[in-house]
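Read off the chains here:
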Amino acid sequence: MTDQASKEVIKDLRKSLAWLDLVLATLSEGVVVLDAELKVVFANDAIANMVGKQRIMLLGEYIWEIVRLHDDKQPVSKNTFLKLRGSNPKEALSGIYQLQTNPRNLSVELTSAHIPNTEHTVLIIRDVTDQIQTHMQQLKITEEAAARRAAEVSERRLLIQYEVASLLAKSFDQGTTITETLSIVCKGLGWRVGMVWVPDKHLSSLQASSWWPSNTNNFKGFFTASTKLRLLKGQGLPGTVWNTLTPSWSKDVASAMNFPRKEIAKEAGLHGAFAVPLLNGIEFMGVMEFFSEHVQERDDELLKSMATVGMQVAEYMRRTTIEKVTTSLREQRARLLEINEAKDEFISLASHQLRTPATGVKQYIGMLIEGYGGELSETQRRFAKTAYESNERQLTIVNDLLKVAQVDAGKVSIRKEPVDLELLLNEIMNEQSGKFKERRQNLSLVCNSKNLKANVDGRNFRMAVENIIDNASKYTEAGKEISITISRAGGLAVISIKDQGVGIAPEDTEKIFQKFTRVHNSLSISVGGSGLGLYWCKRIIELHEGSIKVESKLGEGSAFIIEIPIK
Ligand code: ADP
């Protein structure tokens with residue numbers, strides 16, 4: 001090459017370098033060229049600005065002394081810089097770092113490369129602070145938007161719980177309320193179908209009891225198939241919930257393993273599904289199941305909030321079921337009371353109607369026997385006597401019926417007065433002595449407490465005691481003993497009427513005080529009776545705030561014990 005030519009080349013070269021210098025000066029990226037020891041041999045204006053020093057000051061400095069980098073956790077060490085000398089400098093310092101400068105730290109992105117055929121490395125440092133800030137802001141906006149969306153979702157779910165709770169609080173018709181609940185949940189979540197499954201009365205399978213939407217043809221086939229199904233524990237989504245008593249989720253029932261309605265769900269366009277148990281405490285009342293038209297990823301928060309709805313529904317079902325039963329029982333009771341009243345009225349009316357003619361018959365047969373109608377033959381007298389006795393028995397029954405009807409109708413008024421019990425018992429015994437003599441039974445009275453007075457209705461209380469003594473005689477064989485004892489126990493007068501009769505079996509001791517109850521024994525046929533006496537006695541004694549009980553042994557005898565307040 002001639003001198004002139006080499007001068008030209010050098011001139012061109014200078015020109016190019018000047019251009020290169022200009023270009024490098026205008027670059028916003030910092031450019032540093034490092035020698036084999038990683039000392040700066042070239043630095044452009046941008047890097048000088050970044051580190052806050054003059055370009056000239058950078059030359060000959062080790063790179064780690066002028067470019068102080070930090071990663072997330074700590075300062076980047078000299079050793080890391082030294083890796084720039086390796087075969088792949090890009091791997092040594094790539095990515096985003098914090099560049100420590102005055103007055104503010106910058107976020108920088110580093111790229112490095114060897115300059116071919118030299119031992120030099122070029123390091124390009126790009127200030128990405130603004131980009132990172134913008135990115136962070138965008139991230140924040142996105143995060144805020146996501147948080148807002150999550151808040152909206154949970155607000156919507158809370159609203160569903162609130163709407164369901166207010167519906168359940170005011171509704172009584174179970175059927176429509178449950179359907180309405182399904183509709184609230186579906187509309188609130190934007191899901192398409194809701195169903196409720198309840199166990200059959202043997203608790204052996206689940207069957208569909210309610211569904212929503214009911215007035216659409218879209219899911220008719222799905223509902224028909226569902227209502228025909230009986231799901232066992234563990235079968236399908238409802239069966240799984242029944243088995244575990246916890247909510248269950250299916251991302252897509254149309255492809256689920258354990259979903260018997262898979263095909264029909266696919267046809268209906270139903271995919272994502274979940275189900276929650278209807279649990280009232282530990283009592284399982286059924287399952288609530290929901291379907292979406294889309295494949296749905298499991299959402300535990302949704303399951304949790306719907307499990308709460310499930311508990312609300314279960315509590316509602318229990319409450320309304322109890323209310324239904326209570327109402328029905330109340331109605332039945334009212335009907336029974338009406339029937340009972342009608343029956344009491346009938347007994348009272350019928351016995352009045354029967355008593356008048358029976359009393360007439362008694363009078364006229366009595367007159368016949370007394371000979372007011374002329375002398376009777378022996379046979380005629382015998383017939384008339386039998387008729388008289390039968391009529392007497394009938395009159396006793398009619399009288400008993402009337403007495404019971406009156407006490408049941410609350411028409412017995414108790415007029416209390418102090419009565420000396422020993423006197424009263426002596427009077428009764430004297431009056432009945434003929435009967436006892438006739439039956440060859442011995443009747444005795446022991447009074448352990450003298451002058452014992454009780455406040456009783458003279459007439460009714462006396463009839464009750466007479467009845468018990470009469471029973472003691474009726475249900476005791478001839479020749480046996482009946483003993484009466486009067487004593488005092490605190491504020492109570494105690495009258496015990498003890499016989500050596502046929503006795504009463506333990507299982508009958510309560511029954512004998514019930515209306516129309518006659519217990520069969522060896523004497524019950526021959527002595528006859530209405531089964532009303534003890535019922536009436538008990539009611540009368542209770543009207544005195546007293547009590548009556550029996551202690552008895554079959555075949556050995558009974559003791560009827562009356563307790564009555566003294567004052
Ligand atoms: P009735 O004597 O008219 O059958 P009660 O109401 O007076 O009706 O008695 C009910 C039943 O109680 C009687 O049928 C009888 O079996 C039993 N009973 C009552 N008193 C005695 C007694 N002292 N000993 C054994 N059984 C008795």
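For the structure, check the block above.
As the structure is a computational prediction, the values presented were derived from the model and not from experiment.

Quick word on the sheet that holds strand S3 (residues 69-70)
Inference 1: Read from one edge to the other, the open sheet built from six strands follows the order S2-S1-S6-S5-S4-S3, with strand pairing classed as antiparallel. Across the chains shown, the open sheet's two edge strands, defined by having one partner strand only, are strand S2 (40-43) and S3.
Inference 2: Note: strand S1 (residues 30-34) against S2, three bridges, orientation antiparallel. Of the residues in S2, the one forming a bridge with Val32 is Ala43.

Examining the pattern of salt bridges
Inference 1: Per the stated rule, a full pass over the model turns up 22 salt bridges.
Inference 2: For Arg157, the salt bridge is made with Asp299, and the minimal N-O distance between the two is 2.8 Å. Here the residue Arg157 occupies a position in helix H7 (residues 129-170), and Asp299 occupies one in the loop between strand S11 (283-291) and helix H12 (300-370), the gap between them amounting to 142 residues.

Things to note about the packing of H12 against helix H13 (residues 378-408)
Inference 1: Where H12 meets H13, the axes come as close as 8 Å, and the angle between the chain directions of the two elements is 155°. The angle between H12 and H13 falls in the class roughly antiparallel. Pair H12 / H13 crosses with left-handed handedness.
Inference 2: Residue classes in the contact of H12 with H13 are distributed as 14 nonpolar, seven polar and seven charged.

Observations concerning the nonpolar core
Inference 1: Judged by nonpolar contacts, the single largest core of 46 residues is most densely connected at Phe461, Ile469, Ile497, Phe560 and Ile562.
Inference 2: Not counting residues up to four positions away in its chain, the partners in contact with Phe461 are Leu421, Leu424, Val456, Ile495, Ile540, His544, Ile562 and Ile564.

Digging into the pairing of strand S18 (residues 557-565)
Inference 1: Counting buried positions over the nine residues of S18 gives eight, a clear majority of the element.
Inference 2: Across seven bridges, strand S17 (residues 547-553) lies against S18 in antiparallel orientation. Bridge assignment links Lys549 to a residue of S18, and that residue is Ile561.
Inference 3: Counted between consecutive antiparallel strands, the loop separating S17 from S18 contains three residues, among which Gly555 sits at a positive phi close to 85°.

Quick look at helix H9 (residues 220-228)
Inference 1: Those residues of H9 lying buried are Phe222, Phe223 and Ser226. Buried positions in H9, seen along its axis, are confined to an arc of 95° and lie on one side of it. Opposite the buried face of H9, at more than 90 degrees from it, the exposed residues are Lys220 and Lys228.
Inference 2: The inward-facing, buried residues of H9 contact strand S7 (193-199), strand S8 (206-212), helix H11 (262-268) and S11.

What to know about the site of the ligand
Inference 1: Neighbouring the ligand are 21 residues, the closest being Asn471, Tyr475, Arg518, Val519 and Leu534.
Inference 2: Note that an oxygen atom of the ligand is positioned 2.8 Å from one of the side-chain N or O atoms of Tyr475.
Inference 3: For the ligand, the protein covers 98% of the area, taking 530 Å² as the surface of the free molecule.
Inference 4: Of all the secondary-structure elements, those providing two or more residues to the shell around the ligand are helix H15 (458-474), helix H17 (533-543) and S18.
Inference 5: Here the shell around the ligand takes three residues from H15, the largest share from any one element.

With respect to the packing of aromatic side chains
Inference 1: What the rule picks out here adds up to 13 aromatic pairs.
Inference 2: Ring geometry for Phe222 and Phe291: centres 5.1 Å apart, planes at 80°, overall edge-to-face. In this pair, Phe222 sits in helix H9 while Phe291 sits in strand S11, placing the two residues 69 residues apart along the sequence. Considered together, Phe222 and Phe291 belong to a single accessibility category, that of buried residues.
Inference 3: Three or more aromatic residues joined by ring pairs make a cluster, and in this case those are Trp211, Phe219, Phe222, Phe223, Phe259 and Phe291.

Some points on the pairing of S11
Inference 1: Burial within S11 is extensive, with eight of its nine residues counted as buried.
Inference 2: Sheet topology note: the strand S10 (residues 273-280)/S11 ladder contains eight bridges and is antiparallel. Of the residues in S11, the one forming a bridge with Ala275 is Glu289.
Inference 3: The turn linking S10 back onto S11 is made up of two residues, and Gly281 within it adopts a positive phi angle of 70°.

Concerning the packing of H7 against H12
Inference 1: Two elements in contact, H7 and H12, have axes separated by 10 Å at closest approach and are oriented at 0°. Relative to H12, the element H7 is oriented roughly parallel. Contacts between H7 and H12 involve Arg157, Ile160, Gln161, Val164, Ala165, Leu168 and Ala169 from the former and Glu301, Leu302, Ser305, Met306, Thr308, Val309, Gln312, Val313, Tyr316 and Arg319 from the latter.
Inference 2: Grouping the amino acids of the contact of H7 with H12 by side-chain chemistry returns 10 nonpolar, four polar and three charged.

Considerations on the sheet that holds strand S13 (residues 442-447)
Inference 1: Strand order in the open sheet made by the five strands is S13-S15-S16-S18-S17, with mixed pairing throughout. Strand pairing shows two members of the sheet lacking a second neighbour, S13 and S17, which therefore form its edges. Pairs of neighbouring strands in the sheet enclose a mean axial angle of 15°, with direction left out of account.
Inference 2: The pairing of strand S16 (residues 492-499) with S18 spans seven bridges and is classified as antiparallel. Each residue of the ladder has a partner; that of Leu492, found in S18, is Pro565.

Cut-offs applied
Residues numbered from 1 in each chain as written. Predicted model: local features only at pLDDT ≥ 70, side-chain atom pairs only at ≥ 80, totals over all residues. Heavy atoms only, no water. Pairing = 2+ DSSP bridges. Helix = DSSP H or I, 4+ residues; strand = E, 2+ residues; numbered from the N terminus. Salt bridge = Lys/Arg side-chain N within 4 Å of Asp/Glu carboxyl O. Axes fitted to C-alpha atoms, helices over the stretch in contact; angles between N-to-C directions. Parallel < 35°, antiparallel > 145°, perpendicular 65-115°, else oblique. Left-handed = near helix turned anticlockwise from the far one by under 90°. Nonpolar A, V, L, I, M, F, W, Y, C, P; charged D, E, K, R; others polar. Core = buried A, V, L, I, M, F, W, Y, C linked by side-chain atoms within 4.5 Å. Buried < 20%, exposed > 50% of the residue type's maximum accessible area, 1.4 Å probe, protein only. Contact = heavy atoms within 4.5 Å. Arc of directions from axis to C-beta. Near = heavy atom within 4 Å. Polar contact = N/O pair within 3.5 Å; in protein donor to acceptor, adjacent residues only side chain to side chain. Areas by Shrake-Rupley, 256 points an atom, 1.4 Å probe, with all protein chains shown as cover. Phe/Tyr/Trp six-rings, centres within 6.5 Å; stacked < 30°, edge-to-face > 60°.

Honestly, that's just the spatial picture; any functional story needs more than this.
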